[in-house]
Structures are given as C-alpha cells and as structure tokens.
Amino acid sequence: MNKVKVTFFICTVFVFSVFGQESVQLIPDGEMIKIIGTRYSVNYENNNVISETVNAGKNVFDGDFNTFFASYESSYTWVGLDLGEKHVITRVAFCPREKWGNRLMLGVMEGANSPDFGDAVPLGIITETPPDNVMTGRSVDNSRGFRYVRYVGPNNVRCNIAELAFYGYPSEGDDSKLTQIANIPDVIIHTVGNKEVTSKEDYIRGIVSFVSEDGTLFYSDSLEIRGRGNASWNFPKKPYRLKLYNSASPLGFPAKAKNWTLINNYGDKTLLRNLLAFDISRRFEMPYTPAGRPVNVYFNGEYKGCYQFCDHIDVRKNRVDIDEMDEEDNSGENLTGGYLVEVDAYAYSEKLMFESKRNKIPVTIKSPDDDVITPEQKTYIIDYFNTLENSAYITFPYTYVDYLDIQTFVRHFLIGELAGNTDTYWSVYMYKPRGNNRFYVGPVWDFDIAFENDNRTYPINNKRDWVYTVGSFPNGGTADFIHRIITNVQPEITALWKKYRDSGAITAENLVQTVDDYAAEIDASQRLNFLRWDILNSLVHQNFQALGSYDAEVDVVRKFIEERVGWIDQKLGYIPTQNEAVSQGIIVSAIHSGIRVEKVERPVLVEVFDVTGRKIFSGKANGDINIPVSRGVAIVQVSEENGNRRVFKCLVQ
C-alpha cells in the first residue's frame, strides 16, 4: 500500500448523517476508545506475561492493508473496540488479508454491553468474498447502543483480517429495531467462558437471545445448554437442548416453558422435512403437534447454520396437555395418569426405561421424570403397557380398543406413511391421561430421513406395501406388535384418509405449495447454511444421492409428495367425493401484509394460524375479504357450515 493511501485512511474522519445524528468513524485512541480482542500468543515466565507476539489486534486499526490480525486458536477468536460509552453503530467496513478474502466469509460483527460479550447480538455477517486492498462497507440496521463492538472470525480460519472500522454516534439507543440477518428469526447463544457444548448430559451456562419479526421483537434470558439427539449428536453440526431460566414463549410459541430444542437437520439438505411433517400433522388434526420454526443460530459469535427451533416434548399446557404427576399421586385415580412414554430404540441408554414382557419392546418413561417418579407410579405404567401389548394378541373380542386410542394411532400411521418415514416406529411417543383407560399416540417427531431421504428404502413409491413393513424397527417384537394393530384397523385407515382427502386438507397440490413456501422462507438462510456446512455434494447420514444444489434437493420432496398421495390413494382404493367446498373454487393467496380470500359463493368460516398453530384470525366471510397478517408463513382454513373445509398455506411478505 502506498504512503498516500495510508495517510488518507489514518487522518481522514468519515462523517455522515443518520436520522439527524452525526455518524463518524470510531477510531481507537488508547484512552476513550481501546482495542480489545483475542491474543495471538503470549510468552509467560512464572505465570507473568512477558511479551505478546506479532499479528496483534492493533494491526486492523492501523490503516495498513499489509498488516493483519491472526489468532493462535483456529475458532471463536475476535478483535474489536471498547468504545468507552454506548454508541449506536450505523456502519461497518472491513478488508481481508491479501489473497485470503475467503477467510472472511461468514465472519460476524457483534455489539454488546457486557465486556465478555455475553449479551452480544449480531450487527451483520459477511456473505461474499470481499476484494483485497480496499475497505468494503456495510450499513447496520440496529437501534440499540453498544459499548463493545467486535469482529468474530468464522470457524477454523484463525480470524485473519487486515482492516476493520466501525461507524456510529454516542447514544443509549433502544430496542425498537435490532439487526435480523435473514427473514427468519435469529437465536444467539453465548456461554460463560465461551465454552463449547461437548456433552449430552452436562449443561453449561450462558445467555440466549431471540430476534424476530424483522428485528422488532426481542427476548433474552439466562440459559443452560447441552447436546441432545442420538445419531444426530454425532454430526459436525450439533443439535442442542436449551433450558431457560424463566418459563417463556420465545417466538410466540403456544407453550410457556423452560425447555426447548434446536434441531440441526444436518442429514436433511432441504432443512424443511420436519417442518413439513408438522404441517401434515396439523392437517390430520393431531391433538398436539410440536411448534417449530426455522432459525439462524449463532454460538459465541460464530454462525452455526439454519436450525429448527422447536418444542421440547414434555407434559404441560399446549404440549402434551395431561395432568402432571407429583410424588403424592400413588393411589386411586391419581395413579392412573398422566404418563408420557416413548417406544424407543435408544431406550437402553436412558435412565428410566423398561422392556415389555411379551415382545421385549424397549420403552422410555418420559414423564414423570426419573428424579420424581415413585415406585408405585413406575410399577403402574409398566404393568399397564404390558396390558396394552397383550391385548393386541387377543383375537376376539378385540380388547386392544379398550387400551389404545385408535384415532390417534391411525392418524400417526398415516402421517408416517405419507411422509415415507422409516423412523416412524423406531421412536413412538404415547401418553396416558388421568382417569382414561387408553394410550394416545403422538406427537409425531423425527422426519429428517423421511420424504425420500433414506438409502435403505429408496425408491419408496416403487414398493408394493407400506413403509412400516420395510422400515427399521427397534426389534422384531415392536414390529409384530404394530403390525397386529394395523392389520385390524384397515377400515379406520381408509375412512380417515378419505375424510382428509375429501375435505381438501390433504392434496398433492397444497402439500407441494407448503414445500415451496418453506423453501422460499429459508432461502437466504440455506445459502448461509451451506457456506458453513459444504455438504451439498456429499453423502451424509442415510442420503442415497447428493445433487449438488438446494433446489434439486427440494425438488426430490416435491416429486415424492406428488407420487405418494397417488400411491396411497391406489393402496386404499380412494375415490374422490365431490363436495361443495371444493366446487366453490375458493382462492386464498398472499397479498402485501395480508391474506386475500376470494370466489366465496356461500358463507364460510375463515381461520388463520401461524406456523406454530396459534390462531391469529377467525371470522365469517360471505364474499371476498382481505385479512391483515404479519409477514411470515400463515395457514388458512376455510370451513363451510356442513363441515367441509380446505386448508391453504401462504407466505406473506
């Protein structure tokens, strides 16, 4: 870099106006504004620092493109400024180390008011390789004032940045508008001491923040975080279990709870299979479908990828809504429930599990918890599950109907088959309410290898029988138990499929539209995700092919659904019944900031739900109407007085 350029950069203070405020470059002076960050390496003698080696943080504020900051550790390293007082940041600029511009890809700018950056939120992320020897600027849309600002290098690049600049003005600011990186929510996690999550058993402490609704909705709380999952825990992109300090409803979810999950979707290159399955569950009117939304996750300043923020399956209102037992519920009706169990191939690694007597079915007791359940309660639920199991083997009369809710069993079966989920009976949640003799099946869970994503069952639609007959099971005993029930409920399976096909709730067209809407919603996020996890050309988990592009992966799901609906129609001998709701030709579409319902010829009830299942509008229509709805995915249900209904999904911009 020549001397003229160096002098210009150092001596010139950039000044511009933002909303009437004078925004300037925030230049370190060693007194008010100080350089902070990760050291490269340090020499010690008797535990005292002797000297720091080259490539220090001061190099990124010296105006020289030929010097740079680099770190000894490969990840979670950073450089920034202590501004001395809060500033609203309006702009950032950066320059890579020459010929190493790719090392800035997914680098994150953060602002914080705690010196350990525990409360930090992103100000921006670098999504394109910046050019050498020139400052690349980005505006910042964030109204909060920050004392501390920094650049966090992406994973495994030792930070490596040549120049860095922040611009802003002194102000406390407010939380009216925070930066949201894409059009899906951000989940931002910082752990104490920047600790990594390395265990599924041991929690570490930290702070979590949620930014949503285009940056206008913010929630933060202390948390504990650990790993979760079985096969998914072994992936490079890790899944997490979050435990908030306070019960809350982040992102407007129906349940108020402390426990939540972040599903990693590593083996699902569409990043939407679980969300699509939850949508199908709601269409089949399961009593409870887990709430879930796609989110961008940041961990200790590093971008981790596109995840699914989701309910943790437990007993509470707006989840598995049954009585929660305590230590005194040891007799009479109180002893009969509620219980939540899981037929679980991984049960043998759980603290609270049993094998059924007849078929050796592995079952985990999920509720009551292992530290709460009493001997009487454990004995009761084990004996009752054994009674259910034995009832499936009584040929006449069919007593299993006294111990199993057939409607939820059949709905659960059809959801799994429509999705082509080979994991349907590898893990099955079931719950028993208090004072009720029956086990209810659900909620549905775990669809990352569904919708034609399993090399063991591809191609599913070429098979003559149901997926459950060719899928994987915990053991033969579970398979035989399930098969005995399914064999006896064929009329119920046919009737329910016909009901939801005739109503218009299940059609190839509306399910493909749901896929398209989710793909559009997460498009910006998936681009970041596959920059972070370069696997589109690789076989991971149970993939049978690697197509090299996100669109091609999503198209696999589209084509599978189009074929699968017809496959089940043929399997069950379904013949459509023309009904009045369909004959009306009602059209539901997204308009700017809302939903339009048109071609309504007779009175209908219009209900609008968000993706978590929360109702946000309900009203009668006897003609065309416009309904104001916030941006995002909305599910619209149109019902006639005779019970006929149609379900639509729209992406509101």
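Use the structure listed above.
Glancing now at the overall build of the protein chain. When helices and strands are tallied, the protein chain shows 10 helices and 30 strands. What you see for the protein chain is a C-alpha radius of gyration of 28 Å, in line with the 26 Å of a compact globule of 653 residues. Projecting the C-alpha coordinates of the protein chain onto the three principal axes gives extents of approximately 95 × 65 × 45 Å. Across the 653 residues in the protein chain, those meeting the buried criterion constitute 58%. Contacts spanning at least 24 positions in sequence make up 70% of the contacts within the protein chain whose residues lie at least 6 apart. Surface summary for the protein chain: the accessible area is close to 26,900 Å², and the carbon and sulfur share equals 47%.

Moving on to the pattern of salt bridges. Under the defined criterion, the tally for this structure stands at 31 salt bridges. Its salt-bridge partner being glutamate 172, residue lysine 86 comes within 3.2 Å of it at the nearest N-O pair. Here lysine 86, found in strand β6 (residues 78–95), pairs with glutamate 172, found in the loop between β11 (163–170) and β12 (186–191); they are 86 residues apart in sequence, far enough to count as distant. Note that arginine 150 is salt-bridged to glutamate 110, the shortest N-O span being 2.8 Å.

Another point: the sheet that holds strand β27 (residues 615–621). As summarised here, the arrangement of the four strands in space is β27-β26-β29-β30, forming an open sheet in which the pairing is antiparallel. With partners counted over all chains shown, the strands left at the sheet margins are β27 and β30 (645–652), one partner each. This sheet shows a mean twist of 20° between the axes of neighbouring strands, independent of strand direction. Bridge count for strand β29 (residues 632–640) against β30 is eight bridges, and the pairing is antiparallel. Within the sheet, the bridge partner assigned to isoleucine 635 lies in β30 and is lysine 649. Sitting on the sheet, helix α7 (residues 508–521) touches β29 and β30, and the angle it makes with β30 is about 20°.

Moving on: α7. Here α7 spans 20 Å end to end across 14 residues, near enough to the 20 Å set by a 1.5 Å rise per residue. Among the 14 residues that make up α7, 10 are buried, leaving the element largely enclosed by the rest of the structure. Of the residues making up α7, those classed as buried are Ala508, Asn510, Leu511, Val512, Thr514, Val515, Asp517, Tyr518, Ala519 and Glu521.

Moving on, we get to the pairing of strand β21 (residues 362–367). Most of β21 is tucked away, with five of its six residues classed as buried. Note that strand β19 (residues 339–344) and β21 share four bridges and pair antiparallel. Within β21, the position partnered with glutamate 342 by the bridge is threonine 364. Sheet topology note: the strand β20 (residues 353–355)/β21 ladder contains three bridges and is antiparallel. Bridging from a neighbouring strand, glutamate 355 pairs with proline 362 of β21.

Bringing the packing of α7 against helix α9 (residues 550–572) into the picture now. In the contact formed by α7 and α9, the axes pass within 9 Å of each other and the chain directions differ by 165°. Comparing their axes, α9 and α7 come out roughly antiparallel. Here α7 runs over α9; the crossing is right-handed. Contact residues: Ala508, Leu511, Val512, Val515, Asp516 and Ala519 in α7; Tyr550, Val554, Val557, Arg558, Ile561, Glu562 and Val565 in α9.

Residues Glu324, Asp326, Glu327, Glu328, Asp369, Asp370 and Asp371 make up a contiguous surface patch of negative charge. Mapped onto the fold, glutamate 328 is located in the loop between β18 (302–311) and β19. You can call glutamate 328 exposed: its relative accessible area is 71%.

Further remarks concern the packing of aromatic side chains. Inspection of the entire model under this criterion finds 31 aromatic pairs. Considering the side-chain rings of tyrosine 240 and phenylalanine 299, the 6.0 Å spacing of their centres and the 5° angle between planes classify their relative orientation as stacked. Of the two residues, tyrosine 240 sits in strand β15 (residues 240–248) while phenylalanine 299 sits in strand β17 (residues 292–299), which places them 59 residues apart along the sequence. When its relative accessible area of 1% is taken as the criterion, tyrosine 240 is described as buried. Members of the aromatic cluster, each reached through a chain of ring pairs, are Tyr339, Phe354, Tyr380, Tyr384, Phe385, Tyr403 and Phe439. Over the aromatic face of tryptophan 567 sits the side chain of arginine 564, whose NZ or CZ is 4.2 Å from the ring centroid.

Formed by 138 residues in total, the largest nonpolar core has its most connected members in Ile161, Phe409, Met430, Phe451, Trp497 and Ile561. Tallying contributions element by element places α9 first for this core, with nine residues. Setting aside chain neighbours within four positions, we find isoleucine 161 in contact with Val60, Phe68, Phe69, Val79, Phe94, Cys95, Arg97, Leu104 and Tyr151. Membership of the second largest hydrophobic core comes to 25 residues, among which are Val187, Ile225, Ala257 and Leu262.

Here we take up the packing of helix α4 (residues 406–419) against α9. To characterise two packed helices, one gives the angle between the axes of the helices and the distance between these axes. Between α4 and α9, whose axes approach to 9 Å, the crossing angle comes to 130°. Of the possible angle classes, the one that applies to α4 and α9 is oblique. Of the residues in α9, those in contact with Glu417, Leu418 and Ala419 of α4 are Phe560, Arg564, Val565 and Ile568. The residue inventory of the contact of α4 with α9, partitioned by class, reads five nonpolar, no polar and two charged.

To continue, consider the environment of aspartate 175. For aspartate 175, the position within the fold is in the loop between β11 and β12. You can call aspartate 175 partly exposed: its relative accessible area is 36%. Along the primary structure aspartate 175 and lysine 351 are separated by 176 residues, whereas in three dimensions their C-alpha atoms are 44 Å apart. Leaving out residues up to four positions away in the same chain, aspartate 175 has contacts with Ser143, Arg144 and Phe218.

The subject of this paragraph is the pairing of β6. A regular strand carries its side chains on alternate faces of the sheet. Summarising burial for β6: 14 of the 18 residues are buried, a large majority. Bridge count between β6 and strand β10 (residues 145–152): seven bridges; the pairing is antiparallel. Bridge assignment links tryptophan 78 to a residue of β10, and that residue is valine 152. Across eight bridges, the pairing between β6 and β11 is antiparallel. By the bridge assignment for β11, arginine 91 is matched with tyrosine 167. One ladder, built from four bridges, connects β6 with strand β9 (residues 136–139); its direction is antiparallel.

Here we take up the side chain of threonine 514. Looking at the secondary structure, you find threonine 514 in helix α7. For threonine 514, a relative accessible area of 0% corresponds to the buried category. A distance of 2.9 Å separates the side chain of threonine 514 from the backbone oxygen of asparagine 510, its partner in a polar contact. For threonine 514, the residues in contact, after removing those within four places along its chain, are Leu276, Asp279, Arg283 and Lys649.

On the basis of which strands lie adjacent, the closed barrel formed by seven strands has the order β12-β13-β14-β15-β16-β18-β17 and mixed pairing. The average undirected angle you get between the axes of adjacent strands in this sheet is 35°. In terms of strand pairing, β17 meets β18 through eight bridges, oriented antiparallel. Across the sheet, the residue bridging to valine 297 is glycine 305, located in β18.

About the thresholds
- Residues numbered from 1 in each chain as written.
- Predicted model: local features only at pLDDT ≥ 70, side-chain atom pairs only at ≥ 80, totals over all residues.
- Heavy atoms only, no water.
- Helix = DSSP H or I, 4+ residues; strand = E, 2+ residues; numbered from the N terminus.
- Rg over C-alpha atoms; globule rule 2.2 N^0.38 Å.
- Buried < 20%, exposed > 50% of the residue type's maximum accessible area, 1.4 Å probe, protein only.
- Contact = heavy atoms within 4.5 Å.
- Areas by Shrake-Rupley, 256 points an atom, 1.4 Å probe, with all protein chains shown as cover.
- Salt bridge = Lys/Arg side-chain N within 4 Å of Asp/Glu carboxyl O.
- Pairing = 2+ DSSP bridges.
- Axes fitted to C-alpha atoms, helices over the stretch in contact; angles between N-to-C directions.
- Expected span 1.5 Å × (residues − 1).
- Parallel < 35°, antiparallel > 145°, perpendicular 65-115°, else oblique.
- Left-handed = near helix turned anticlockwise from the far one by under 90°.
- Patch = residues over 30% accessible without salt bridge, like charges linked within 9 Å, V, L, I, M, F, W, Y side chains within 5 Å.
- Lys, Arg positive; Asp, Glu negative; His and termini not counted.
- Charge placed at Lys NZ, Arg CZ, Asp CG, Glu CD.
- Phe/Tyr/Trp six-rings, centres within 6.5 Å; stacked < 30°, edge-to-face > 60°.
- Lys NZ or Arg CZ within 6 Å of the ring centre and 35° of its normal.
- Core = buried A, V, L, I, M, F, W, Y, C linked by side-chain atoms within 4.5 Å.
- Nonpolar A, V, L, I, M, F, W, Y, C, P; charged D, E, K, R; others polar.
- Polar contact = N/O pair within 3.5 Å; in protein donor to acceptor, adjacent residues only side chain to side chain.

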